[in-house]
Amino acid sequence: MTTTTTPRLKGARLLFAAIVVVHVAVLYLPDPPSVGVTTVPYGDVLVHVLVFGAVMWTGRLAQLPVGLLVVLLVVHAVLSETVQHALLPGRGGELSDVVADLAGVVLGLLLPVPRREPS
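Report on the accompanying structure. (Residues numbered from 1 in each chain as written. Predicted model: local features only at pLDDT ≥ 70, side-chain atom pairs only at ≥ 80, totals over all residues. Heavy atoms only, no water.)

### Some points on the side chain of H76
For clarity, the cut-off: Secondary structure elements follow DSSP: runs of H or I of four or more residues count as helices, runs of E of two or more count as strands, with numbering from the N terminus. Throughout this description, a polar contact denotes any pair of N or O atoms lying within 3.5 Å of each other; where both atoms belong to protein, one of them has to be capable of donating a hydrogen while the other can accept it, and for residues adjacent in sequence the pair is counted only when both atoms sit in side chains. Whether two residues are in contact is decided by their heavy atoms, any of which lying within 4.5 Å being enough.
Following the sequence through the fold, H76 ends up in helix 3 (residues 66–87). At 2.8 Å, the side chain of H76 forms a polar contact with the side chain of Y28. Residues contacting H76, with those up to four places away along its chain left out, are H23, L27, Y28 and F52.

Structure (structure tokens):
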């Protein structure tokens, strides 16, 4: 059985890949650019919600297995904070960030995605 990948699905997968790159940069750069986040109340929490939510939502858009993506993001939420705390100078791991990450996963699950193209 041969499956074809539509241009729309290819675009969704490229978008997902780009979002993952941003996600990793935000979480693991020793001194990520704040882009005014520090001046916004709860800006750090909002960034965590957005980066995890964006990965979850674009993963759904790219038709990736949702259950696997949820498991990977939940594990990554805990792991990323542990790495930040233990290995990245100037960064700290916080439980509130893990909670924000998980809220982002839920947000990415709840946001609607456009319907699939008819086969």
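There's plenty left to go through after this.
### Comments concerning the packing of helix 1 (residues 7–28) against helix 2 (residues 43–61)
We count it as follows: Axes, fitted as lines to C-alpha atoms, cover a helix only where it is in contact. Angles between the N-to-C directions of the axes lie from 0 to 180 degrees. Here the word oblique covers every angle except those under 35 degrees (roughly parallel), over 145 (roughly antiparallel) and from 65 to 115 (roughly perpendicular). Handedness of a crossing follows from how the near helix is turned relative to the far one, being left-handed for an anticlockwise turn of less than a right angle and right-handed for a clockwise one. Residues were grouped as follows: Ala, Val, Leu, Ile, Met, Phe, Trp, Tyr, Cys and Pro as nonpolar; Asp, Glu, Lys and Arg as charged; and all remaining residues, including Gly, as polar.
Two elements in contact, helix 1 and helix 2, have axes whose closest approach is 8 Å; the angle formed by their N-to-C orientations is 155 degrees. In terms of orientation, helix 1 lies roughly antiparallel with respect to helix 2. The handedness of the crossing between helix 1 and helix 2 is left-handed. For the pair helix 1 and helix 2, the contacting residues are L9, A12, L15, F16, I19, V20, H23, V26 and L27 in the first and V47, H48, V51, F52, A54, V55, T58, G59 and L61 in the second. For the contact of helix 1 with helix 2, the per-class residue count stands at 14 nonpolar, four polar and no charged.

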